[in-house]
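Per-entry structural report
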Amino acid sequence: MVKEGGGEEAILPLLETKEARFRGVYKVFASTVFVGICLIWVYRLTHIPSAGQHGRWAWIGMFMAELWFGLYWIITQSTRFSVIYNYPFKERLSYRYQDKLPGVDIFVCTADPKMEPPTMVINTILSVMSYNYPPEKLSVYLSDDGGSELTFYALLEASSFSRHWIPFCKKFNVKPMSPSAYFAQQIDLQDITYAQEWLAIKKLYKEMENRIDKIVEMGKIPKEQMDQHKGFLEWNYKVTKQDHQPIVQVIFLFSTKIHPFTKWFYLLPFLFKIMIDGRDENEVDICGGQLPTLVYVAREKRPQWPHNFKAGAMNALIRVSSEISNAPFILNLDCDMYANDVDTIQEALCFFMDKKRGHDISFVQFPQNYDNITKNDIYACTLTVINNVELAGLDGYDHATAYCGSACFHRRESLCGKVYSKDYRGEWNIKTKKNTYKTVNELEEASKILASCSYEKDTQWGEQMGLIYGYSSEDIVTGLAIQCRGWKSFYYNPNRKAFLGVAPITLDGVLVQQNRWAEGMFQIFFSKYCPFIYGHRKIKFGAQMGYCIYLLWAPISLPILYYVIVPALCLLDDISLFPQVKSLWFLPFAYVFVARNACSIVEALSCGDTLKAWWNWQRMWVFRRTTASFFGFIDTVVRQLGLSKTTFVLTAKVVTEDASKRYEQEIMEFGSSTIMFTVLATLAMLNLFSFIGGIKKIVLELEFKALDQLILQVILNLLLFLINIPVYQALFIRSDKGRIPFSVLFKSIVLASLACLMPIY
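Starting from 1, residues in each chain are numbered consecutively following that chain's sequence as written. Selection of residues for local features in this predicted model requires a pLDDT of at least 70, selection of side-chain atom pairs for listing and counting requires 80 or more, and totals for whole chains, interfaces and linings are taken over all residues. To obtain the side-chain values, all non-hydrogen atoms of the structure were used and water was disregarded.

1. Considerations on the overall build of the protein
What counts as a helix is a DSSP run of H or I of at least four residues, what counts as a strand is a run of E of at least two, and both are numbered from the N terminus. Across its full length, the protein holds 25 helices and 13 strands. When we talk radius of gyration, it's over C-alpha atoms, and the globule rule is simply 2.2 Å times the number of residues to the 0.38. For the protein, the C-alpha radius of gyration of 28 Å lies close to 27 Å, the compact-globule estimate for 761 residues. Structurally, the protein occupies a C-alpha span of about 90 × 60 × 60 Å along its principal axes. Here the protein holds 761 residues, and the buried ones make up 58% of them. When the accessible surface of the protein is split by element, carbon and sulfur atoms take 60% of a total near 31600 Å². His is not counted, nor are the chain ends, whereas Lys and Arg count as positive and Asp and Glu as negative. Positions of charges follow a simple convention, taking NZ of Lys, CZ of Arg, CG of Asp or CD of Glu. Here the protein carries 79 positive and 73 negative side-chain charges, and the mean point of each set is 3 Å from the other. Each residue's exposure class comes from its accessible area (1.4 Å probe, protein chains only) as a fraction of the maximum for that residue type: buried when under 20%, exposed when over 50%, partly exposed otherwise. Accessible surface is estimated by sampling points in the Shrake-Rupley manner with a 1.4 Å probe; for residues, cover comes only from the protein chains shown.

2. Section: a nonpolar patch on the surface
Patch construction takes residues with relative accessible area above 30% that form no salt bridge. Like charges are linked within 9 Å, and nonpolar side chains (Val, Leu, Ile, Met, Phe, Trp, Tyr) are linked within 5 Å. Take a side-chain nitrogen of Lys or Arg and a carboxyl oxygen of Asp or Glu: if they are within 4 Å of each other, that pair is a salt bridge. A surface patch of nonpolar side chains, about 650 Å² in accessible area, is lined by F742, F746, V750, L751, L754 and L757. Its location among the elements puts F742 in helix 25 (residues 742–756).

3. Observations regarding the pattern of salt bridges
For the coordinates displayed, the defined rule picks out 25 salt bridges. Between E445 and K448 there is a salt bridge; the shortest N-O distance is 3.6 Å. Of this pair, E445 and K448 both sit in helix 13 (residues 440–450), three residues apart, which is roughly one turn of that helix. For R662, the salt bridge is made with E669, and the minimal N-O distance between the two is 2.6 Å. Each member of the pair R662 and E669 is classed as buried. Each of R662, E669, R734 and D736 takes part in a single network of salt bridges with overlapping partners.

4. Thoughts on the environment of P179
One can find P179 in helix 6 (residues 179–183). Once residues within four sequence positions are removed from consideration, P179 is found in contact with N123, L126, F161, W165 and Y205. Between two residues, a contact is recorded if the distance between any of their heavy atoms is within 4.5 Å.

5. As for unusual backbone geometry
P176 follows K175 through a cis peptide bond whose omega is -5°. The residue P176 is located in the loop between helix 5 (149–172) and helix 6 in this model. A positive phi angle is found at F22, which is not glycine, with a value near 65°. Tracing the sequence through the fold places F22 in the loop between strand 1 (15–19) and helix 1 (23–46). Positive phi, normally seen in glycine, also occurs at A407, with a value near 60°.

6. Some points on the side chain of S600
By the secondary structure assignment, S600 is in helix 19 (residues 586–606). Look at S600 and you get buried, because its relative accessible area is 11%. Residues in contact with S600, not counting those within four places in the same chain, are W614 and Q618.

7. Some points on the side chain of R662
Mapped onto the elements of the fold, R662 is located in helix 21 (residues 657–664). In protein, a polar contact means a hydrogen-donor-capable atom and an acceptor-capable atom, both N or O and within 3.5 Å, with residues adjacent in sequence counting only if both atoms are side-chain atoms; elsewhere, any N or O pair within 3.5 Å suffices. Separated by 2.6 Å, the side chains of R662 and E669 make a polar contact. Discounting residues that sit within four places of it in the chain, R662 has contacts with I667, E669, R734, D736, K737 and G738.

8. Here we look at helix 10 (residues 344–352)
When you tally the buried positions in helix 10, you get nine out of nine residues, the bulk of the element. For helix 10, the full list of buried residues reads T344, I345, Q346, E347, A348, L349, C350, F351 and F352.

9. Focus: the state of the cysteines
We call a pair of cysteine sulfur atoms a disulfide whenever their separation is within 2.5 Å. Overall, the coordinates contain zero disulfides when judged by the stated rule. No disulfide involves C599; its nearest neighbouring cysteine sulfur is the one of C607, lying 11 Å away. What makes C599 buried here is its relative accessible area of 11%.

Shown next, in the form of structure tokens:
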């Protein structure tokens, strides 16, 4: 397995781990903030208004909110105290193992061709097929949970185009490997040969893209095209998104020996059940290079059987792939997250195949990055601090980073429920385990049984094996369960982003996604998988706290809502909730506010954000917590009471052209009358009324004594006013389709006015 005569090179580690700089300095700084927080708690407890005094209960509520804020801040510090970074050595891996690398299965999941366009899906497929990795050891599986003939047709087209795209990528070291992303770049075409081939391959891609888009627009496959491909016989039965038989097909390609860029013959593949069979040495691209195996899977769905959303799809892929390729390592990706670096597989394998540390590694999580983020990240989707600090901090607790659902490499054994033991030594069959003794038809028929609804009945699938069922955040709970079985997980954030996806470009899309996350993670906190219970003595206490940063997104909405609403109402009623400027008690409030925000700015800038991007993050933090997280909290409580069941809402990847233009101009997109927008507008109007009322009292009535009493409330109100500027613009100024509808404006004014009339106790 190891290259002979390698000397020192043969025993050098394949990865190293380094602690982040200035960890000690940060701990000292955090301790001063903690002292300030404790002083704030002391102030609240020692200055509670006496019984019957106006504002007593508002004061007690402020204490409860600040107590919760302080405790949550302590939880967030757990990851910042332990930040580490991992560095693999892919050159050592290549030198040591050369052509003896293990097989890798790649899972790509899609669920709805309307919300996740087939052209986007096949760009992800084509990108992972183009990895700089031995193609005979690479198998790509597309899970189509919508069972759509449109997606299947697009995959057929992509399988033909891959015969041209893969050799083009390898010849010119193409990055990124997604055709759509690659052709969207500014390319230097001064080299004549490269220019000719670039234009030819782009022409082929655009022709394929147009054919797919035309079919998708029609909504069905023309009969003459269905008749050309045997695979479409599966859709002769009654097939719907929620009711269809298992479909497993591996695509074959005809081999055509022609020069790649002189005369182009674009042949649609003849479907012989398997799309590309990597076992067949005749399955080659136009340059004679072998192709990866490509498999289409639509697991069986029946109304009377629970399908368990993405977790069920992933588990079906694990079983089907074990029958066809059974690679020891698995990469799973969302359908919108394409490969951006040709050597990512080698970098990931450095973790698993390291002699000293690799045997106990279950998964390696890469950050989820996006290629459609605006300069100042208007919706704060990049999560740069989470990617660069918090996940790396979880890794610092004996390597317990979270599984985030995509851009993750897994060890198949650990994903299938194996419990780690100290005498375990990772085994990967150097010769890829492909079923060479079975025909394609036999493989497909066997795989259909594994993808059937009834296969999991009375088994451990969804409990001890595969991804865990019953949670919309199946990734987080599965990763935690794997770690509690004794495995470790590493986090790796390479200099060149390994994967790039598509972030939501409307506010509604962002909030729907955040609502799903907040609800799913709070559901875990209330379950037997609560890290403080399930992880007790299995993972370190700091890692348990680190998980709870995300599991408590939903309940943190309550103190935030209180801070947004109650101080504004008290300002209108001249009720002071903070110490006077001349009081020494003013200092801890001022210090915690300034220090915490200064630290936040430094974190953001050091992670590559702009100052405006940091401000957008503060705005979206308030928007998310007061709407999406709050409704996630309510939904979780309702579910715990048994009044509803777990659901999974897809984030739409398709928007109008006008909405795209506004996104590029960094103009927030509203445009609908959802309940979340009604809440946002109502809170914005309440703070507008409070701001106007406070200014009126201080300026027009010359109550400068009130300024000394209410200065912190005025500052808080001003900050919320600034945060809500995009809401005010959408309510009163804008006239485009992305503005807030008049019905929402009317409701928000009525609700905010009623709130202002509420008595404060």
